[in-house]
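# Fold and contact review
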Protein chains: 2
Amino acid sequence: MKTPLRIVIIEDDEIISMGYQTLLSEVDDFSVVNVFSSFDLARKQLEIDAPDVILLDIEMPGTNGLQALPIIKKALPNTHIIILTVFDSPELVFEALTMGAAGYLTKNSNVAKIIEAIREVGTGGGAMSTNVARIVMHSFQKNLDSPLTKRETEILTKIANGQTKAQIAAELFIDPETVRSHVKNIYIKLDVNSKSEAIKTAKAKRFI
Amino acid sequence: MKTPLRIVIIEDDEIISMGYQTLLSEVDDFSVVNVFSSFDLARKQLEIDAPDVILLDIEMPGTNGLQALPIIKKALPNTHIIILTVFDSPELVFEALTMGAAGYLTKNSNVAKIIEAIREVGTGGGAMSTNVARIVMHSFQKNLDSPLTKRETEILTKIANGQTKAQIAAELFIDPETVRSHVKNIYIKLDVNSKSEAIKTAKAKRFI
DNA sequence: CGAGAATCACCCAAAACGGGTGATTTTTTA
DNA sequence: TAAAAAATCACCCGTTTTGGGTGATTCTCG
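The notes below deal with the structure included here. Note that the structure is predicted; figures quoted are calculated from it, not measured.

Moving on to the layout of surface pockets. Estimates place the volume of the largest pocket at around 2800 Å³. Forming the boundary of the largest pocket are 49 residues, of which Ser139(A), Asn161(A), Lys203(A), Ile208(A) and Lys203(B) lie nearest the centre. Those elements giving two or more residues to the lining of the largest pocket turn out to be helix H4 (90-98), helix H6 (130-140) and helix H7 (150-160) of chain A together with helix H4 (90-98), helix H6 (130-140) and helix H7 (150-160) of chain B. Residue classes in the lining of the largest pocket are distributed as 17 nonpolar, 18 polar and 14 charged.

Given below as C-alpha cells:
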C-alpha cells in the first residue's frame, strides 16, 4: 500500500478549515495530519508534521500566508504549498508564485479541483484555478500592434537586459553605430529620450 | 436559447481532428463550424466562419500554429485561440502565450478538460493543462537563497529596468553615493564588474 | 517600383560608470 | 546585550557610454 499524502491546513476560518479537513480526509490516499488557525501556531509543529502539501490561507492573524511562504520553503524545502484564498489580485498571485507557491486556488474552486491540485503539486506539478490562469496568461501577452520593427524590438529587449550598445552590436554582428541608429529611431517612435524611459514605456505598452 | 459557441479546429492529423470534431459536436452549446488540416487552407475562410474559439495545432504543413497566432489575432481580435499540441517545451509555451494564446493544452488532456478550457476561454478566461501550469509557475519562482540583501535586490531590479543611479537614488530617497555603494557590493557578491553582467548573472540565478 | 527597414559614419558635450578607500549609523540576530 | 550585517554617505580618479544632429547606402517586401 502506498504511503498517503500528508496534508496540513493553515486557515483561520474554522468553518472552512473544518470543511476542507472533512472532505480531504475522505480521500483514500490523503492524510490530513494537522490543522492550524494561524501560521504562528503552526510554525514549530510543521517540521514534526513534515507534510507533503500545505494548504495555506493568505489572510490570517499574525504572520500572513505570503510572509509565511519563504519561511516554510526554507524550513521544509520538499513541502509543496498551495495558496487557498478568496483574493486573486495580480499582485498577490505574482507575489505568491515568485515566493515559491506550487499552486494558487481561489476558494470558489470545487472540491474535485482542490483534490486534483493537491495530487498535482504532490508530484512536483503546478496548479491554479482558471481565474488565476487568466491573470498569469495576461501577464505574458505582448502588444501585437507595436510601432517597433523586429530589429528595434530585438535591440530594445537586449537594452532592457542591461547590455551595452557595444555588446549588442557584437551579438548581432552589426556595427555599434547601427545599434545607435536603431536606438535613436526607437526613441523617436516611443517619444522618449533615454534608455530608462524607453524601457519603461515599452514595458508599460507591452512592446517588449 | 443561447447562441452556441462557434468552434473551428485547425489540425493536420485527420484522426485526431475527426475525434475532436465528433466529441465537441456532442456538447449542447458547442458548434464546430469548420475543420481545416492547415492554417493556409483556413486563412481565407476564417473571417467568414467567425469562430469564438479556435483549437490550433502547432506542428502543421505550411504556416505553423505559432506563426499563425499573430495573423489570426490581427484578423479576428475577438476570437480566442487554444493551442492544442503534443509539445510542451517552455520555449513553445512562452512563445504561444506572448503571441496571445488564451489557452495551451497538451494532447494528453482528457475531453472534459478540453471542454472546460473552451468554455473558459470563451468567456475571456485562461486555460492550461497541469504540465503547462508547472512550466509557467516555475518561470516565476525566485531563488530564495540569494546572497543579495533586500535593498541590493531592490536596487538591482531597478537597474535591470534601465534606471540610472540618480533616478534610483531619487526614488529611494537616498544619496546617489549610497546607491553606488550598494552596486559595488552587488558586484562583489555576484563576482562581476559591470551592470550587464550583474543583471545577467542575477537573472540566470533568479535573484531578481 | 517604392517605402520602410537595416545598415554604417562622423561630430560633439554631458552624463554615467567602475574602482578605490574609508566612515557612520541602523538593524538584525545569535 | 554584544557582535555582525546592512544601510547610509563622501571624495578621489580616468574611461566609457549616452543622447543629439545629420546624412548616406543597401536590402527587402508588398
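In this section: the protein's contact with DNA strand D. Near DNA strand D lie 15 residues; those nearest to it are Arg180(A), Lys184(A), Thr149(B), Asp175(B) and Ser181(B). Backbone atoms, meaning sugar and phosphate, form 56% of the atoms of DNA strand D found within 4 Å of the protein. Contacts to DNA strand D include Glu177(B), whose side-chain N or O atom sits 2.8 Å from a base nitrogen. At a separation of 2.9 Å, a phosphate oxygen of DNA strand D approaches a polar side-chain atom of His182(B).

It takes a turn of 180° to lay chain B on chain A, together with a shift of 0.0 Å along the axis; the resulting RMSD is 0.1 Å. Read as a symmetry element, the transformation amounts to a two-fold axis. Both copies share a contact surface, since 100% of the interface residues of chain B are interface residues in chain A too.

This part is about the protein's contact with DNA strand C. Surrounding DNA strand C, one finds 16 residues, the nearest of these being Thr149(A), Asp175(A), Ser181(A), Arg180(B) and Lys184(B). Within 4 Å of the protein, the atoms of DNA strand C are drawn from sugar and phosphate moieties in a proportion of 57%. One nitrogen or oxygen atom from the side chain of Thr178(A) is found 2.7 Å from a phosphate oxygen belonging to DNA strand C. Residue Tyr187(B) places a side-chain N or O atom 2.8 Å away from a phosphate oxygen belonging to DNA strand C. Within the residue set of the surface near DNA strand C, elements represented by two or more residues are helix H9 (176-190) of chain A together with helix H9 (176-190) of chain B. Ranked by the residues each element gives to the surface near DNA strand C, the list is headed by H9(A), at five residues. Of the residues belonging to the surface near DNA strand C, the class tally is two nonpolar, six polar and eight charged.

Residues and elements named next belong to chain A. One way to put it is that helix H2 (residues 39-49) packs onto helix H3 (residues 65-75) with a least axis distance of 11 Å and a crossing angle of 10°. With respect to H3, the element H2 is oriented roughly parallel. The residues of H3 that touch H2, namely those facing Phe 39, Arg 43, Leu 46 and Glu 47, are Ala 68, Ile 71, Ile 72 and Ala 75. Considering only residue class, the contact of H2 with H3 consists of six nonpolar, no polar and two charged.

Residue and element names in this part refer to chain A. Secondary-structure assignment places Arg 151 in helix H7. For Arg 151, a relative accessible area of 29% puts it in the partly exposed group. Note: C-alpha distance between Arg 151 and Leu 172 (21 residues apart in sequence) is 9.8 Å. Those residues within four positions of Arg 151 in sequence are excluded, and the remaining contacts are Leu 172, Ile 174 and His 182.

Time to look at the pairing of strand E1 (residues 5-10) of chain A. All names here are of chain A. For E1, the buried fraction is high: five of the six residues fall into the buried class. Where E1 meets strand E2 (residues 30-36), six bridges bridge the pair, whose relative direction is parallel. Within E2, the residue paired with Val 8 across the bridge is Asn 34. In this view, the connection linking E1 to its parallel neighbour E2 by way of helix H1 (residues 14-25) has right-handed handedness. Strand direction decides the pairing type here: E1 and strand E3 (residues 53-56), joined by four bridges, are parallel.

Here we take up the pattern of salt bridges. Where side chains of opposite charge bring their charged atoms close, a pairing between them can arise. Throughout the structure, instances matching the rule amount to 20 salt bridges over all chains. Between Asp29(A) and Arg119(A) there is a salt bridge whose closest N-O contact spans 2.8 Å. Placement of the pair is Asp29(A) in the loop between H1 and E2 and Arg119(A) in helix H5 (residues 111-122), with a sequence separation of 90 residues. Since its relative accessible area comes to 23%, Asp29(A) is described here as partly exposed. Between Glu116(A) and Lys113(B) there is a salt bridge, with the nearest N and O atoms lying 3.6 Å from each other. Of the two residues, Glu116(A) is situated in helix H5 and Lys113(B) in helix H5 (residues 111-122); the pairing between them involves two chains. By relative accessible area, Glu116(A) is classed as partly exposed at 35%. Among the residues examined, Lys113(B) registers a relative accessible area of 18% and is labelled buried.

Rules and cut-offs
Residues numbered from 1 in each chain as written. Chains lettered and ligands numbered in written order. Predicted model: local features only at pLDDT ≥ 70, side-chain atom pairs only at ≥ 80, totals over all residues. Heavy atoms only, no water. 1 Å grid on protein atoms, 1.4 Å probe; cavity = no way out; pocket = protein on both sides within 12 Å on 5 of 7 lines; lining within 4 Å. Points joined across faces, edges and corners; volume = space filled by probe spheres on them. Helix = DSSP H or I, 4+ residues; strand = E, 2+ residues; numbered from the N terminus. Nonpolar A, V, L, I, M, F, W, Y, C, P; charged D, E, K, R; others polar. Near = heavy atom within 4 Å. Polar contact = N/O pair within 3.5 Å; in protein donor to acceptor, adjacent residues only side chain to side chain. Least-squares fit on C-alpha atoms with pLDDT ≥ 70 in both. Contact = heavy atoms within 4.5 Å. Axes fitted to C-alpha atoms, helices over the stretch in contact; angles between N-to-C directions. Parallel < 35°, antiparallel > 145°, perpendicular 65-115°, else oblique. Buried < 20%, exposed > 50% of the residue type's maximum accessible area, 1.4 Å probe, protein only. Pairing = 2+ DSSP bridges. Right-handed = clockwise from strand over helix to strand, strands pointing away. Salt bridge = Lys/Arg side-chain N within 4 Å of Asp/Glu carboxyl O.

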